Amino acid sequence: MADSTERHRRDLLTPEGVPLTVSIASAASRLIALVIDFLCIGLMMLALYLLLALAFGSFGWAAAEPIMVGLVLSGFVLRTLYFIVMEARPGAATWGKRLIGLRVVSRDGGPLSIDQIVARNLMREVEVTLPFMVVASMAASGDGALWAALAGLVWALGFSLFLLFNRDRMRIGDLLAGTWVTERMASARAADLAAGEAAHFIFSDAALDQYGIAELHKLEDVLRTGDVRALRTVTDAIARRIGYNEPLPDDRQFLTDYYRGLRTHLEREVLLGTRRQDKHDI
Amino acid sequence: MSRSTIQSAANFRAEREADWAAFEALLDLLDKRGPKRLSEAELLQLPRLYRATLSSLSLARAISLDQALLAYLEALSLRGYYRLYGNRTGLGHRTARFFLRDWPAAVRALGRETLAMVALLILGTVIGWGLVASDPGWYGAFVPSELAQGRGPDASAAQLREMLFGGGTDGFLTGFAIQLFVHNSQVAILCFALGFAFGLPTVLLVLYHGCMLGAFLQVYASKGLLLEMGGWLSIHGTTELFAIVIASAAGIRIGTAVAFPGDRSRIDAAAQTGRSAATAMIGAVVMLMFAGMLEGVGRQTINITAARYAIGGFLLAGWCSYFYLLRPKARFDGR
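Keep in mind that what you see is a predicted model, and the values were worked out from it rather than measured.

About the criteria used
Residues numbered from 1 in each chain as written. Chains lettered and ligands numbered in written order. Predicted model: local features only at pLDDT ≥ 70, side-chain atom pairs only at ≥ 80, totals over all residues. Helix = DSSP H or I, 4+ residues; strand = E, 2+ residues; numbered from the N terminus. Buried ≥ 20, exposed ≤ 12 C-beta atoms within 10 Å, placed from the backbone. Contact = placed C-beta atoms within 7 Å. Axes fitted to C-alpha atoms, helices over the stretch in contact; angles between N-to-C directions. Parallel < 35°, antiparallel > 145°, perpendicular 65-115°, else oblique. Left-handed = near helix turned anticlockwise from the far one by under 90°. Nonpolar A, V, L, I, M, F, W, Y, C, P; charged D, E, K, R; others polar. Pairing = 2+ DSSP bridges. pLDDT = per-residue confidence, 0-100. Expected span 1.5 Å × (residues − 1). Arc of directions from axis to C-beta.

Asker: Which residues make up the overall build of chain A, and what values do they have?
Answerer: In terms of regular secondary structure, chain A is built from 11 helices and four strands. The 282 residues of chain A split such that 27% are buried. When contacts within chain A are restricted to residue pairs at least 6 apart in sequence, those whose partners lie at least 24 apart make up 68%.

Printed below as a string of structure tokens:
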């Protein structure tokens, strides 16, 4: 599990020089956010059309020309303004992105500038419409050189689906603007498992030397999840490995104490300069 | 010994936890109420608490093996970072800077490419003209039928004249004008986007567009309507063709950067050039919308050829002086 999430992690260097970990949003969540955004824009355009129809109703043919111009231009203007204004707000996310938990960040770790927002959103216009434009112009020219149409379409799709072909999930717009789209990482403050009252079980240094940091983290996961059967299995495994033969009435107490002992032990080693990665790392 | 390390690890958390909680509460407040409703004292606390959290994170990464604590600090720092650095606002100021400095500067930077594209467009026009003059059959090859709409070599002079001066009342020309506008914006966008394919398709597209223009002009010229056609075209065409030229110049700039990246990687080269080229492209879109408005209104209501030339020429002079002469940069030089 750690491996699959690890691939989406990137370091963002803050101006203070501390790297912060961000998680690159998946292509699927980007698509869902885009669909939601297009739905929002669609609703706005519907409202605008109703308004224009109302205007037509009251002015008749006299207003037909400005109404038609309005219709042709409204789609482009609405789309562009919606994306740019939304991403220029402090959330750096459109409604769709916010709902899914995404936001736009600048790859260099600096503030996200308006230029970047404008560049990535105008490019979207090209990316979304290019395949349709290619198909339309092929259909219009009509003389049906199929291979040319296919080559054009493949090229246009490669351009539009660029996002799928790079590990950072960047559109062409992201690439040019120097941005990433990242996923929100929410994390509540959890109690310290190692804090609390005195231990019931005391382990020798030899017993604590059996495991490394990887096992410590697994143990933490098991304790925080609190699944009874997992606790049982882990207790058995640890007791066997450290040679503990007494009866164990309380798995959780045993594991908590072992966790506390192991973490103290390993943290002390870390302070002294050795990070024991796992049980095979001597 | 064991007891003393428990003490220090616990101390690390105990000593700093209050700051983290305060920072979290302040961020919640900020999300709920916005920065304007926060008191001065609270605003002053914000950067201090952010740095405290960031330093806790650095320390925790070094000494703590508590995953949950690290994840919490990581998320909190990132949230604070987004709040403090996430976004540079000021859409109004940025818009002003775009029009007063960045756009003309970006167009000026594309000077060489712009000249080349103008030459290419003129070359295309000459070719189109020459071919249609020698054999009217070429007309169909250059002008797609839905754009021609009967204005071919076979149309009579009266028919052609009617289309130039038809006025906006019959509704037909308005529809055609909008279609032409949509077509031309697509050409501009394609010219820019195709630049990525090493610029070659852009060159062909500009050449082809020139051929189309030449074919149109030749058909009208053969009926003795060249002057009138020029007027009809120039009222918005100077703006529109200029926009297409700039868009393709931007595309070419990106194309050459991709083809000859120097000691940068191709992707870096595309990204760096893309940024200034995109500014010029945004400007081209503004020009196209301006041309669209002229086309929708001006071409139908202004029926005097001299006036059409005057407006077209005036706009061309206006754009040129805006891009190449006007340099109001003093106020916006500081980034």
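Asker: Describe in detail the overall build of chain B, supporting the description with residues and values.
Answerer: Counting its secondary structure elements, chain B contains 13 helices and zero strands. The order of α-helices and β-strands along chain B, N terminus first, is α-α-α-α-α-α-α-α-α-α-α-α-α. In chain B, which comprises 335 residues, the share counted as buried stands at 39%. By sequence separation, contacts in chain B at least 24 residues apart represent 80% of the contacts at least 6 residues apart.

Asker: Provide a residue-level description of the packing of helix 5 (residues 111-134) of chain B against helix 10 (residues 200-222) of chain B, including the pertinent values.
Answerer: All names here are of chain B. For the pair helix 5 and helix 10, interaxial distance at closest approach is 6 Å and the crossing angle is 45°. In terms of orientation, helix 5 lies oblique with respect to helix 10. Where helix 5 crosses over helix 10, the two elements pack in a sense that is right-handed. Class assignment of the residues belonging to the contact of helix 5 with helix 10 gives a composition of 20 nonpolar, seven polar and no charged.

Asker: With reference to specific residues and values, describe the interface of chain A and chain B.
Answerer: Listed per partner, the contact involves 53 residues of chain A and 54 residues of chain B. The set of elements that each furnish at least two residues to the side of chain A that touches chain B consists of strand 2 (19-24), helix 3 (64-87), helix 5 (114-141), helix 6 (146-160), helix 7 (172-177), helix 9 (213-225) and helix 11 (251-271) of chain A. Examining the composition of the side of chain A that touches chain B, we find that nine residues originate from one element, helix 5 of chain A, more than from any other. Residues of the side of chain A that touches chain B, tallied by class, amount to 35 nonpolar, nine polar and nine charged.

Asker: Can you lay out the pairing of strand 2 of chain A for me, pointing to particular residues and giving the numbers?
Answerer: All names here are of chain A. Sheet topology note: the strand 1 (residues 9-13)/strand 2 ladder contains five bridges and is antiparallel. Within the sheet, the bridge partner assigned to Arg10 lies in strand 2 and is Val22. What sits between strand 1 and strand 2 in their antiparallel hairpin is a turn of five residues, with Gly17 showing a positive phi close to 90°. Here strand 2 pairs with strand 4 (residues 179-183) via two bridges, running antiparallel. Residue Ile24 lies in a different strand from strand 4, and its bridge partner there is Thr182.

Asker: Account for the pairing of strand 3 (residues 102-106) of chain A, naming residues and giving values.
Answerer: Residue and element names in this part refer to chain A. Across the five residues that make up strand 3, a large majority, five, are buried. Side chains Leu102, Val104 and Ser106 of strand 3 all project onto a buried face; the interleaved residues Arg103 and Val105 project onto the opposite face, where all are buried too. Judged from the five bridges that link them, strand 3 and strand 4 form a sheet pairing that is antiparallel. In the strand pairing of strand 4, Arg103 is matched with Thr182.

Asker: Tell me about the sheet that holds strand 1 of chain A, residues and numbers included.
Answerer: Residue and element names in this part refer to chain A. Pairing is antiparallel in the open sheet, where four strands are placed in the order 1-2-4-3. Single-partner strands in this sheet number two, and they are strand 1 and strand 3. Put simply, the sheet's adjacent strands are angled 50° from each other on average, direction ignored.

Asker: Explain the confidence of the model for chain B to me, using residue names and the numbers behind them.
Answerer: Close inspection of predicted coordinates is inappropriate in any region flagged by low pLDDT. All names here are of chain B. Of all residues in chain B, 83% attain a pLDDT of 70 or more, and the chain-wide mean is 80. Mean pLDDT across the elements of chain B ranges from a minimum in helix 7 (residues 145-148), with 64, to a maximum in helix 5, with 91. Contacts from residues 167-172, a stretch scored under 50 in pLDDT, to residues over four places away or in other chains number seven contacts. Note that residues 330-335 has pLDDT below 50 and, in this model, three contacts with residues that lie over four places away or in other chains. Across the interfaces of the predicted complex, the ipTM metric reaches 0.81, alongside a pTM of 0.70.

Asker: Which residues make up the environment of Ser187 of chain A, and what are the values?
Answerer: Structurally, the position occupied by Ser187 of chain A is in the loop between strand 4 and helix 8 (205-208). Ser187 of chain A gets classed as partly exposed once you count the C-beta atoms within 10 Å, which come to 16. Other than its neighbours up to four places away in sequence, Ser187 of chain A contacts Ala71, Tyr72 and Ala75 of chain B.

Asker: Before we move on, could you go through helix 2 (residues 27-59) of chain A and cite the residues and values that matter?
Answerer: Between its terminal C-alpha atoms helix 2 of chain A stretches 47 Å, which fits the 48 Å expected from 33 residues at 1.5 Å a residue. Every buried residue belonging to helix 2 of chain A is among Arg30, Ala33 and Asp37 of chain A, and all of these are buried.

Asker: Let's hear about the packing of helix 4 (residues 91-109) of chain B against helix 13 (residues 305-325) of chain B: which residues, and what values?
Answerer: All names here are of chain B. Where helix 4 meets helix 13, the axes come as close as 8 Å, and the angle between the chain directions of the two elements is 90°. One way to sum up the angle between helix 4 and helix 13 is to call them roughly perpendicular. Between helix 4 and helix 13, the residues in contact are Pro104, Val107 and Arg108 and Tyr322, Phe323 and Tyr324, respectively. Residues of the contact of helix 4 with helix 13, tallied by class, amount to five nonpolar, no polar and one charged.

Asker: Go over helix 10 (residues 228-242) of chain A, please, and point to the residues and values.
Answerer: Residues and elements named next belong to chain A. Taking 1.5 Å as the rise per residue, helix 10 with 15 residues should run 21 Å; its terminal C-alpha atoms sit 21 Å apart, in good agreement. Turning to helix 10, its buried residues number three or more, namely Val234, Thr235 and Ile238. Down the axis of helix 10, the buried side of the element spans an arc of 105°, and every buried residue falls inside it. Summarising the geometry of helix 10, the exposed residues directed more than 90 degrees from the buried face are Arg229, Asp236, Ala237 and Arg240. Packed against the buried residues of helix 10 are helix 9 and helix 11. Downstream of helix 10 by a residue or two, Gly243 has a phi angle that is positive, lying close to 70°.

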